[in-house]
Each structure stands twice: as C-alpha cells, then as structure tokens.
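Letter by letter, the chains look like this.
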Amino acid sequence: MSEEIISSLKSEFADSILKVFLEDKKILVTVKKEGFYDVLSSLKGMGFDHLSDVTCIDYIKEQEFEIFYHLWAHKKKLRVSVKVRIPRDSSSIRSVTDLWTGAQIHERENHEMFGVNFPGNPDLSPLFLEDWEEIPPLRKDFDTRKFVRRKYYGEE
Amino acid sequence: MKSNPEKEETFVPFHLPFGPQHPASGHFYGSVKVDGEEVVELEPYPGYLHRGLEKLMEYRTHIQNSVLVDRICVLEPFSNEMGYVNVVEKIAGIEAPERAQSIRTIMAELGRILSHITWIAIVSLALGLDSGARIALGDREGILRLNEVATGGRIYPCYFIPGGVRRDLPEGFEEKTLEELDYLKSQLNLYDSLIFRNETFVTRMSGVGIFNAKEAIALGATGPNLRGCGVESDVRKDEPYAAYPRVNFRVMTMKEGDAYSRVLCRRGEIAESISILRQLLQDTPKGKFRIKMTTRTPKGNAYFCCEAARGELCFHMVSDGTDKPYRVKVRGPSFSHTLSEFPYLARGAQIADIPAIYWSLDPCPPDMDR
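Residues numbered from 1 in each chain as written. Chains lettered and ligands numbered in written order. Predicted model: local features only at pLDDT ≥ 70, side-chain atom pairs only at ≥ 80, totals over all residues.

**Some thoughts on the pairing of strand β4 (residues 64–73) of chain A**
Residue and element names in this part refer to chain A.
In step 1: By the criterion of burial, β4 is predominantly enclosed, with seven of the 10 residues buried.
In step 2: Here strand β3 (residues 50–59) runs beside β4; their pairing, made up of nine bridges, is antiparallel. Bridge pairing in β4 links Cys56 to Ile67.
In step 3: Linking two consecutive strands that pair antiparallel, namely β3 and β4, is a turn of four residues; a positive phi of about 55 degrees is found at Gln63 within it.
In step 4: Pairing geometry for β4 and strand β5 (residues 78–87), over 10 bridges, is antiparallel. Looking across to β5, one finds that Leu71 is bridged to Val80. (Buried ≥ 20, exposed ≤ 12 C-beta atoms within 10 Å, placed from the backbone. Helix = DSSP H or I, 4+ residues; strand = E, 2+ residues; numbered from the N terminus. Pairing = 2+ DSSP bridges.)

Spelled out as structure tokens, the structure:
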C-alpha cells in the first residue's frame, strides 16, 4: 500500500517533491515550501486523518528551519512524515489548521518556541511562557545557561 | 420565559477559574467563561509545569537524558523511558536483547496499571467519592513497591537505558508481581461496585463531554479517549514494539464517545494489562539484559511512537553525530487532550460537568507542559 502512495505522490507532485522514500515502514517526504500545502491536503484526502505532531528544528548553520508534519492513517495503519525547509529569517509557513483542527495548538507552540509564523492560524498567542521578552527559547542561539546566570545571578 | 432586553444589554460574562490548585485540575488553569450555569468558552492557560525539557535534553548525553525523561510525566515514567530509549536505539542502529525487551514491556504495563489506578483515585476524588480515592491510592502502593524492588526507585525508576535495562530483575520478582496482580484483579470488583457502577458516578459521567470519532481524530485524540468513540487504535497493536508482538490482548473500545465510555475503556485496560503481564511473566526469555552502546550516535533523524497510558507518545530525535541529541521533540498525549479536546468538549457544558469532562480525558499537566 505504501508503494502506491509513493508512486501517486511522485506522479502528482513531480515539481514540488524533492525526495520520497520508504524507511522502516514509514514514508518520508521531502517537499519544497511552495507545494507543501497541496501535498499535505492530498495526503489528508488519502486517509491520513491524524496529525500526530508538528516538529520544528533549527539548523542555524544553514540559516533554515526544518518543519516536520507527522501523520498517521487510522484505517490504513500507515505513518507519513512530511518535511519542509523554510528560511530562518522571515520564517513563515501556511497554517494547516483547516486540514487538521488539532494542528492549531501544535502551531501555536512552535510559534512560541521558534518564532515561526503560521498565517491562517486563528490564535498564536503565548502558550507556556509568561512575560517572555527574550528570543524564542528553543532556537539554537538561545543559551539556557547564560540566560539563567544573567536573569537570576545578575552576571553578564 | 420571556427574555428581558434590558437585562441582556447589561450582561457581562463571568470568568470562573478552574484550577490551578492541584485537587481541582492538576497544575493547569482554565478560564471558564460562563453565562449562568452554561459554559460559553474555556480558555486553557498551561505552563505551570513547563521546565523546558526539550531544551535541557540538548545539553545532556543520551544516558543522562534517559534519567531526565522520567520527569516528563510523574505518573507513568516507564512509557517515557520506553519512547526515549527506543528512539535512541533507532538512531544508533542497535536493538536491545530479547530479555531486555521483555523486562521493558513488563515494567511499561505495570506503569500503565499504576497510571490508571492513580487516575481512578483522582477521578473519584473529583466527583466526591472520597473512599474510592483512598482505596485506589492504597492499591497504588503495591505497584510502587514492585517498582522499588525491580529498579530501586518508587516514583522515578530511571531503569531503561539505550541498549537494555540498568540491571536484571531480582530473584522472586515474578512471584511478587503475580501475587500483586491477583490482588488487583480482585480489587477490580470492588472498584466496579464502589465507583464504576455507583449511581452518582454513572449519572454524572454518562451523556457529558460527547464527541464522535471524526471530531476526536480531527482534534488529535489518541489512546482511551479515542477508543471511547469506537476507533480501534492502539500503537501496541498497530506498530508493535518491544515484546508486544508476542502477547495476546484485546483493544478496549466503546461506542458512545461520552465521559463514561472513556472511563470504562480505562477500567477494561487494567484487566487487559494484568493479562499481558501474566503472559510475559510466565516465559521471560533468558539471556543478556543489556548490550553496550557507543556514546556517540550517527547523524540522523528518528521518530518513534509508543502507547502510553494516556495515548500516543512520540519522540522525534535529530542527531548530529555527537553524544548529545541536536533536537528532541516530545509529543505527549496530554498536549492534545488538554489543550485541544478539553476546550472543545467544555463548550456548551454545565459548570458542574467540567471536572467530570476534564478527568474523563485523564490529562497529565507535566506531560502537557514538558
């Protein structure tokens, strides 16, 4: 079944898909930013109805964020991960809230922790952190130890 | 009754706080906007237990992290350890020996019973059945002692490490566990008559917080909350890991999708876990319980999901070739349960039903905040 999905993705999105392969019973799709939403909405149509997680990774050397969408199909019992890279400055990617309602809260968390903007998400207000004035804390250039020394011990 | 236009003009919605005092909600605060007795909206304010675990892990080695992940959820450390060690092993390209897999499964199932029994205590406390809480917390003690016998720790065992488990099961552990399981099995009847068939409990739980399978899936529900709507979804069955391919068990499902069906799913899972444990304890494979793993892991990406007591628990790890992970993302089941399903189910409910809906979802604030 996973071969069918791979071949149909390859033929339908030849321009936007950079790489698609099967790894350990899981399909891994690398996609360009321009076509990522169409690929995800097509996967939703194929029965990938559960958005398990949205992970953001900060590749500071390449000045890029990598965003993973981990999907699961309840009927087909299959897992797909779609990854897309966006530039680190002016990081913004279309929200997928209209495909999976549950994406709202995952995107809100990633907005808070990485500063990625998700146009189309109805609520991106701070979630965990109160009165946070530093850079988003899960970015690689935020040093937890330096922050603690400065904030709580008054060291520079 | 006729509506009074003057009164409507002066209507100011009242914000009722739900939590963050521990007995009401765990360390979670929901601002409930009410109109009379009806909930108009519920806005969640998490973060009381946010420790930045994902960031802390980036500063620590894989072995140090296997101790840290216990703290993700206080009530069921074994599932978090199970997820973490498996994702590290996947990146390192090693596999734990069969005996270790079996021991891990035994401990994870004990952890599931532990978590469900603690939940019985909390849910009966939330609905005013005080004696249920006392009895369940007393029964929890038996499993905590088993934890101590096997691992040395009661609440935080720090037992699984990449490549196996820290030490072998002590002599006599099997017998002690089987004895405890017999006791728990007999206690289930008591829980049934005292809590699950208690008229107050049934009346307050049934017919509240209803969602159907489609809504639940869209909101990201997993575990007993999704199985309560009739979806047969269980990571242990769908993508078997550790020793689960070797055991037989049923996936508990209910059709109604209300709070009471979620409760019954959990009650049924305790019995299933007892049966899984009996199968595993009968023939634990002999052999090594641990293999050596290099401190450095190769570059790569791995995503691993396991079934925690609350639902799907996933770890995503990125390794850059050093002895520390470049990035770890934890997908705790309670994140979706509390922040996306709970506000949805609370809308339109009565104030008095809020605790029943909340605890029927079995949220764990430390797992949500990380």
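**Points about the interface of chain B and chain A**
In step 1: Taken together, the contact between chain B and chain A spans 26 residues of the former and 24 residues of the latter.
In step 2: Those elements that place two or more of their residues in the side of chain B that touches chain A are α3 (53–58), α10 (213–219), β7 (311–319), β8 (325–331) and α14 (333–346) of chain B.
In step 3: Class assignment of the residues belonging to the side of chain B that touches chain A gives a composition of 10 nonpolar, eight polar and eight charged. (Contact = placed C-beta atoms within 7 Å. Nonpolar A, V, L, I, M, F, W, Y, C, P; charged D, E, K, R; others polar.)

**Some points on the packing of helix α6 (residues 98–126) of chain B against helix α7 (residues 130–151) of chain B**
Residue and element names in this part refer to chain B.
In step 1: Between α6 and α7, the shortest axis-to-axis distance is 8 Å and the interhelical angle comes to 160 degrees. Here α6 is positioned roughly antiparallel relative to α7, judged by the angle of their axes. Of the two possible hands of crossing, α6 and α7 adopt the one that is left-handed. In this structure, α6 uses Met107, Leu110, Ile113, Leu114, Ile117, Thr118, Ile120, Ala121, Ser124 and Leu125 to contact α7, whose residues at the interface are Asp130, Gly132, Ala133, Ala136, Leu137, Asp139, Arg140, Ile143, Leu146 and Ala150.
In step 2: Considered class by class, the residues forming the contact of α6 with α7 number 14 nonpolar, three polar and three charged. (Axes fitted to C-alpha atoms, helices over the stretch in contact; angles between N-to-C directions. Parallel < 35°, antiparallel > 145°, perpendicular 65-115°, else oblique. Left-handed = near helix turned anticlockwise from the far one by under 90°.)

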